Amino acid sequence: GAVVSQHPSWVICKSGTSVKIECRSLDFQATTMFWYRQFPKQSLMLMATSNEGSKATYEQGVEKDKFLINHASLTLSTLTVTSAHPEDSSFYICSATTGFRYGYTFGSGTRLTVV
Amino acid sequence: KQEVTQIPAALSVPEGENLVLNCSFTDSAIYNLQWFRQDPGKGLTSLLLIQSSQREQTSGRLNASLDKSSGRSTLYIAASQPGDSATYLCAANSGNTPLVFGKGTRLSVIA
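Quick caveat: nothing in here was measured; it's all calculated off a predicted structure.

Student: Where do I start with the side chain of S25 of chain A in this structure?
Tutor: Residue and element names in this part refer to chain A. Mapped onto the elements of the fold, S25 is located in strand 3 (residues 19–25). Within polar-contact distance, the side chain of S25 engages the backbone oxygen of F28 at 2.7 Å. When residues no more than four places from it in sequence are discounted, the contact partners of S25 are V3, V4, A30, M33, L74 and T75.

What follows is the structure, encoded as structure tokens:
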């Protein structure tokens, strides 16, 4: 079945630094990848949608200059949290699909803690 | 805009019971409805995917149904086990839109 690999699984960083999270589709080409954010005991909130080779589409309220998304190939998307602050601490999950009519596969998530 | 609601928010049952989790959605023009399982601190595991032309899907002890006209889906778990304890998320997408998630049902199966 379709597999999405997400790294790192957890990261601790200091305030003001940047953190990059990678999302790879291992056995399929993902036309679209998504980045979600999840706070404790809350559901997943979509942050942005990215298509290979084009700029990401951000949801309302998500700062695109803070959460940089790059979708350089059909198998790789990255999310960079720039100038991280403690309020950015959260669980970030990526998802990939070959098309909106098909199922979505999710990565295992990244726990970001900013100290 | 699609909205997904799940009830109950939490459920505790003794081992061996059959149970039903409910999901409702507002836009009946969905492409897919997907049920996921999430263990604490972990990512999402896809359980069942129901495409718009389908009415149900089954996998082992799990059965998910879809009724587009009423905007509802149910996840039926037969003979529940302690290992089934997790949060179950329902999500739907319509048109060229990403999945929209419900807030989930936290299930505890007591041995």
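Student: Honestly, the interface of chain B and chain A in this entry has me stumped. Any pointers?
Tutor: For an interface, size is often stated in terms of accessible area lost upon the parts coming together. In this assembly, 21 residues from chain B lie in contact with 18 residues from chain A. Approximately 1,600 Å² of surface area, both sides summed, lies buried where chain B meets chain A, with 57% of it carried by carbon and sulfur atoms. At the boundary of chain B and chain A, one finds six residue pairs in polar contact (both at pLDDT 80 or more). Those elements that provide at least two residues to the side of chain B that touches chain A are strand 4 (30–38), strand 5 (44–51) and strand 9 (86–94) of chain B.

Student: Quick question: what am I supposed to make of the state of the cysteines here?
Tutor: By definition, a disulfide links the sulfur atoms of two cysteine residues through a covalent bond. Here the structure, examined in full by the defined rule, presents two disulfides over all chains. Disulfide pairing is shown between C23 of chain A and C94 of chain A; the S-S distance is 2.0 Å. Across the disulfide from C23 of chain A to C94 of chain A, rotation about the S-S bond amounts to roughly 80°, and the bridge is consequently right-handed. Placement of the pair is C23 of chain A in strand 3 and C94 of chain A in strand 9 (residues 90–97), with a sequence separation of 71 residues. In this pair, the class of C23 of chain A matches that of C94 of chain A, namely buried. Bridging C23 of chain B to C90 of chain B, the disulfide has an S-S length of 1.9 Å. Every disulfide takes its handedness from the sign of the S-S torsion; for C23 of chain B and C90 of chain B that torsion is -60°, giving left-handed. Here C23 of chain B, found in strand 3 (residues 19–25), pairs with C90 of chain B, found in strand 9; they are 67 residues apart in sequence, far enough to count as distant. The same class applies to C23 of chain B as to C90 of chain B, namely buried. Of all cysteine sulfurs in the structure, the one in C94 of chain A sits closest to C13 of chain A, which takes part in no disulfide; the separation is 18 Å. Judged by its relative accessible area of 7%, C13 of chain A is buried.

Student: Before we go on, may I ask you to explain the sheet that holds strand 3 of chain B in this structure?
Tutor: In a beta sheet, neighbouring strands are held together by backbone hydrogen bonds and run either parallel or antiparallel to one another. Residues and elements named next belong to chain B. Read from one edge to the other, the open sheet built from five strands follows the order 1-3-8-7-6, with strand pairing classed as antiparallel. For this open sheet the edge positions go to strand 1 (4–7) and strand 6 (56–59), each flanked by a neighbour on one side alone. Averaged over all adjacent pairs, the angle separating strand axes in this sheet is 15°, with direction ignored. As judged from the four bridges shared by strand 1 and strand 3, these two strands associate in the antiparallel manner. In the sheet register, Q6 faces strand 3, and the bridge partner there is C23.

Rules used in this analysis
Residues numbered from 1 in each chain as written. Chains lettered and ligands numbered in written order. Predicted model: local features only at pLDDT ≥ 70, side-chain atom pairs only at ≥ 80, totals over all residues. Heavy atoms only, no water. Helix = DSSP H or I, 4+ residues; strand = E, 2+ residues; numbered from the N terminus. Polar contact = N/O pair within 3.5 Å; in protein donor to acceptor, adjacent residues only side chain to side chain. Contact = heavy atoms within 4.5 Å. Buried area = accessible area lost by both parts, 1.4 Å probe. Disulfide = S-S within 2.5 Å. Buried < 20%, exposed > 50% of the residue type's maximum accessible area, 1.4 Å probe, protein only. Pairing = 2+ DSSP bridges. Axes fitted to C-alpha atoms, helices over the stretch in contact; angles between N-to-C directions.

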